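Single-letter residue listing:
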Amino acid sequence: MRTVFRVLGAVYLGYIALVVFLLTPALNFIPSWYADKYLQRELRSDIILFNPFTLALSLRNVALLEADGGRFADLVKAEIDLSTASLWSDGWVLDKLLLEGFYVHAKQLTAEEFNFSDLLPPDDPDAPPEPEEPAAIPGITIHHVSLQADRIEFTDRTRDPLFNTRFDELDIEVRNLSTIIEEGQPYRLDFKGGGGGHLHWEGVVSVPGAYSEGTLSLADVSLHEAWRIAEPWLNFAIPTGTVGVEGKYRVDWKDALDYRISGGEFAIAELKVEPRKALGIEDSYIRLEDLTISGVDVDGTRQNVGVADFTVDGLDIAGWMEDERISLAEMFEPRGDDAPDIEAPDLSEIDTDDTGGWTAELTRTRLINSSIKWRSPFTDPPLLEVTPLEASLGRITWPLSGDTEMLLDLGISGEVKAGIDGSLAFASGDGTIAYELQGLPLRWFNPNLPAALKARITDGHLATDGKVVLKGFSPQLITNEGAISDFAVRVQEAEQVLTNWKSVRWETLEVDTEQRNVSLQKLSLNSYEGRLHIREDGSINTSKVWQEEVG
């Protein structure tokens with residue numbers, strides 16, 4: 001027995017001596033030597049230790065430099081702790097895998113070259129083809145995984161101006177990550193974006209059970225940073241705006257991919273979209289206070305999507321039209337010859353009568369506290385402001401079915417009020433919509449009168465209301481009544497009014513397009529006045545209302 005203990009003691013002392021005098025020097029010499037000889041890079045580190053008692057490998061302040069000596073990748077601390085449970089467990093077992101203070105700066109130098117291209121093995125043309133079936137996942141269990149990165153940065157030097165983005169404070173923590181244990185194990189992931197925003201992702205995951213479930217929250221992500229990625233090809237800028245997403249999920253991939261999302265929320269806040277200064281477009285923008293999509297439920301097995309509410313709050317649009325130019329259209333045109341081509345989807349193949357496949361339901365859609373400012377040559381004054389602007393839609397389903405309630409209320413430049421109220425079946429195009437228009441100044445439309453006409457509308461307001469019965473999206477029956485009040489037309493460069501009236505009112509006007517019939521119950525004219533003057537040359541005032549055409 002004493003001999004056995006002596007042998008074991010000698011083996012143990014030999015093991016300690018092997019670690020201290022051979023393995024530890026090799027760990028501190030070979031990596032830096034290999035990096036210098038084969039990578040032409042410098043690898044720096046404090047002492048690298050292997051604990052022979054806990055089987056833990058520990059690294060401190062490790063840095064791999066760029067080929068030119070600049071900062072590329074480094075870390076403050078790394079630990080890999082091999083568990084003695086590996087001796088009797090299925091596969092390898094690690095008590096701890098820890099990485100702290102990690103930093104890396106990836107750079108794209110040319111279209112096909114990065115600052116880490118020299119670290120990648122070259123393509124081997126003689127390499128055997130990859131097997132059709134994926135290799136089995138090796139058995140491994142890690143009781144505690146902790147990865148903390150100070151910054152992950154990316155720079156694209158092929159772009160002008162140079163593009164740079166980063167992610168800060170990446171923090172990943174997983175307990176009992178295993179390819180063997182069937183029961184789901186907890187995990188957590190957090191990181192912050194360089195331009196703001198925070199990702200929080202936690203739940204449980206089972207690799208052998210092939211499922212994961214948990215919650216995902218992405219808050220205050222900067223849309224300006226996202227815009228910078230596509231900046232070279234865009235004629236517009238996004239100076240402000242944030243996006244957020246959150247919800248619960250479950251994913252199963254054992255037999256077939258199955259996924260579910262519940263309680264999903266999506267939000268955009270404080271968004272501004274403006275034309276780039278180089279475009280030379282003024283008085284055009286899109287601003288949005290809030291866009292929220294709430295109550296999102298997605299079931300991949302049932303192939304169903306449900307959305308409880310879609311609300312746009314504080315939408316403000318401004319633009320103009322001059323000759324053939326439309327400012328907002330120019331703002332969204334692709335910029336540059338190398339802009340990526342985006343093909344519009346072919347909607348002609350969509351079968352609205354198909355009841356198979358995915359189904360969807362949107363319970364409510366709202367547009368509130370919104371406005372539009374639009375300038376064009378077709379009105380006087382040229383600039384009209386639509387405010388307040390509010391609209392709503394009721395239940396919408398896919399495949400299309402049932403009636404959808406709709407409501408629209410708006411005002412124009414403090415003088416006009418208009419709105420619609422009704423319902424429409426989007427599947428058939430059948431419905432009834434009531435409409436109302438009050439206080440529309442007719443003088444606004446003087447720019448649309450023929451240039452040869454030497455008279456202009458100086459006063460008059462239109463008020464009208466009625467209903468439209470639709471069949472197949474086409475008007476079948478239109479009922480209307482209304483009045484034009486305080487109407488006046490004046491000859492240009494003349495003081496006298498050519499014609500005017502107090503009011504023209506019509507009642508129960510019906511247009512039946514199916515029967516091709518028009519009927520009017522009553523038409524009344526109140527306080528009509530027309531002026532006829534005979535000039536000294538014998539002409540009358542109405543004879544020169546139309547200018548002579550010049551050939």
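Scroll up a little and you will see the structure.
A quick note: this is a predicted structure, and the numbers were derived from the prediction, not measured.

So, on to the overall build of the chain. Scanning the chain for helices and strands turns up three helices and 28 strands. A total of 551 residues make up the chain; the buried ones form 34% of that total. Residue pairs in contact within the chain that sit at least 24 positions apart in sequence constitute 54% of those at least 6 positions apart.

Tallied over the entire structure, the rule returns 28 salt bridges. For Arg-188, the salt bridge goes to Glu-173, with nearest N and O atoms at 2.5 Å. You can see Arg-188 sitting in strand 8 (residues 185-193) and its partner Glu-173 sitting in strand 7 (residues 163-178), a full 15 residues away along the chain. One salt bridge in this structure joins Asp-309 and Arg-364, with 2.7 Å as the shortest N-O distance. With a gap of 55 residues between them, Asp-309 in strand 15 (residues 309-322) and Arg-364 in the loop between strand 17 (359-362) and strand 18 (365-375) connect regions that are remote in the sequence. Residue classification places Asp-309 among the buried positions, given a relative accessible area of 9%. Residues joined in a network through salt bridges with shared partners are Asp-171, Glu-173, Arg-175, Arg-188 and Asp-190.

By the secondary structure assignment, Gly-264 is in strand 12 (residues 258-275). When the C-alpha atoms of Gly-264 and Val-245 are compared, they prove to be 7.4 Å apart, with 19 residues separating the residues in sequence. If we skip the residues at most four places from it in the chain, Gly-264 touches Glu-246, Gly-247, Ile-293, Ser-294, Gly-295 and Val-296.

This part takes up a nonpolar patch on the surface. Taken together, the side chains of Phe-29, Ile-30, Trp-33, Tyr-34 and Tyr-38 define a hydrophobic patch exposed on the protein surface, amounting to about 550 Å² of accessible area. Mapped onto the fold, Tyr-34 is located in helix 1 (residues 2-38). Using a relative accessible area of 43% as the deciding quantity, one classes Tyr-34 as partly exposed.

Note on placement: Asp-258 falls in strand 12. A distance of 3.3 Å separates polar atoms of two side chains, one belonging to Asp-258 and the other to Arg-260. Within polar-contact distance, the side chain of Asp-258 engages the side chain of Thr-301 at 2.4 Å.

Across eight bridges, the pairing between strand 18 and strand 19 (residues 383-393) is antiparallel. The partner of Arg-375 across the bridge, within strand 19, is Leu-383. Where strand 19 and strand 21 (residues 404-412) come together, six bridges link them in antiparallel fashion. When the sheet's bridge partners are listed, Leu-393 is paired in strand 21 with Met-406.

Another point: the packing of aromatic side chains. Throughout the structure, instances matching the rule amount to eight aromatic pairs. Ring centres 4.9 Å apart and planes at 35 degrees place the aromatic pair Tyr-34 and Tyr-38 in the tilted group. Placement of both Tyr-34 and Tyr-38 in helix 1 is noted, with a separation of four residues, approximately one turn of the helix. Residue classification places Tyr-38 among the partly exposed residues on the basis of a relative accessible area of 46%. With 5.1 Å between their ring centres and 50 degrees between their planes, Phe-236 and Phe-332 make a pair best called tilted.

In this section: the side chain of Arg-228. Within the fold, Arg-228 resides in helix 2 (residues 223-229). Within the structure, the side chain of Arg-228 is placed 2.8 Å from the side chain of Glu-225, a separation counted as a polar contact. Dropping the residues within four chain positions of it, Arg-228 is found in contact with Arg-159, Phe-163 and Asn-164.

Across nine bridges, the pairing between strand 23 (residues 430-441) and strand 24 (residues 455-471) is antiparallel. Residue Ala-434 lies in a different strand from strand 24, and its bridge partner there is Lys-467. Of the pairings in the sheet, the one linking strand 24 to strand 25 (residues 474-491) comprises 15 bridges and is antiparallel in character. Each bridged residue has a counterpart across the sheet, and for Val-468 the counterpart in strand 25 is Ile-478.

A cluster of acidic residues, Glu-390, Asp-403, Glu-405, Asp-409, Asp-421, Asp-430, Glu-436, Asp-465 and Glu-481, forms a negative patch on the protein surface. Going through the elements one at a time, strand 21 and strand 23 are the ones with two or more residues in the negative patch. Look at Asp-430 and you get partly exposed, because its relative accessible area is 33%.

Its location among the elements puts Glu-322 in strand 15. The spatial distance from the C-alpha of Glu-322 to the C-alpha of Ser-376 is 6.3 Å, given a sequence separation of 54 residues.

Attention now moves to the environment of Asp-290. The residue Asp-290 is located in strand 13 (residues 285-299) in this model. Remark: the alpha-carbon pair of Asp-290 and Leu-315, spanning 25 residues in sequence, is separated by 7.9 Å. The contacts of Asp-290, once residues within four sequence positions are left out, are Ile-268, Ala-269, Thr-311, Val-312 and Asp-313.

Procedures and definitions
- For every chain, the first residue of the written sequence is number 1, and numbering continues from 1 along that sequence.
- Residues qualify for local features only when their pLDDT is at least 70, as the model is predicted, and side-chain atom pairs are given and counted only at 80 or more; totals for whole chains, interfaces and linings, by contrast, use all residues.
- Side-chain figures throughout are based on the complete set of non-hydrogen atoms in the structure, without hydrogens or water.
- Here a helix means four or more residues in a row that DSSP labels H or I, a strand means two or more in a row labelled E, and each is numbered from the N terminus.
- A 1.4 Å probe rolled over the protein chains alone gives each residue an accessible area, and that area as a share of the maximum for its type sets the label: buried under 20%, exposed over 50%, partly exposed in between.
- Throughout, a contact is declared for two residues whenever any of their heavy atoms are within 4.5 Å.
- The salt bridge criterion pairs a side-chain nitrogen of Lys or Arg with a carboxyl oxygen of Asp or Glu, the two atoms within 4 Å.
- The patches reported here contain residues having more than 30% relative accessible area and no salt bridge. Joining distances are 9 Å for like charges and 5 Å for nonpolar side chains (Val, Leu, Ile, Met, Phe, Trp, Tyr).
- The Shrake-Rupley method, run with a 1.4 Å probe sphere, supplies the accessible areas, and residue values consider only the shown protein chains as cover.
- As used in this structure description, the phrase polar contact means that two N or O atoms lie within 3.5 Å; if the pair is within protein, one of them must be able to donate a hydrogen and the other to accept it, and residues adjacent in sequence are counted only when both atoms belong to side chains.
- Here, a strand pair is defined by DSSP locating no fewer than two bridges between the strands.
- Any two of the Phe, Tyr and Trp rings considered here, Trp counted by its six-membered ring, make a pair once their centres fall within 6.5 Å; the pair's planes then place it as stacked at under 30 degrees, edge-to-face at over 60, or tilted in between.
- His residues and chain termini do not enter the charge count, which takes Lys and Arg as positive and Asp and Glu as negative.
- Note on charges: their place is set at NZ of Lys, CZ of Arg, CG of Asp or CD of Glu.

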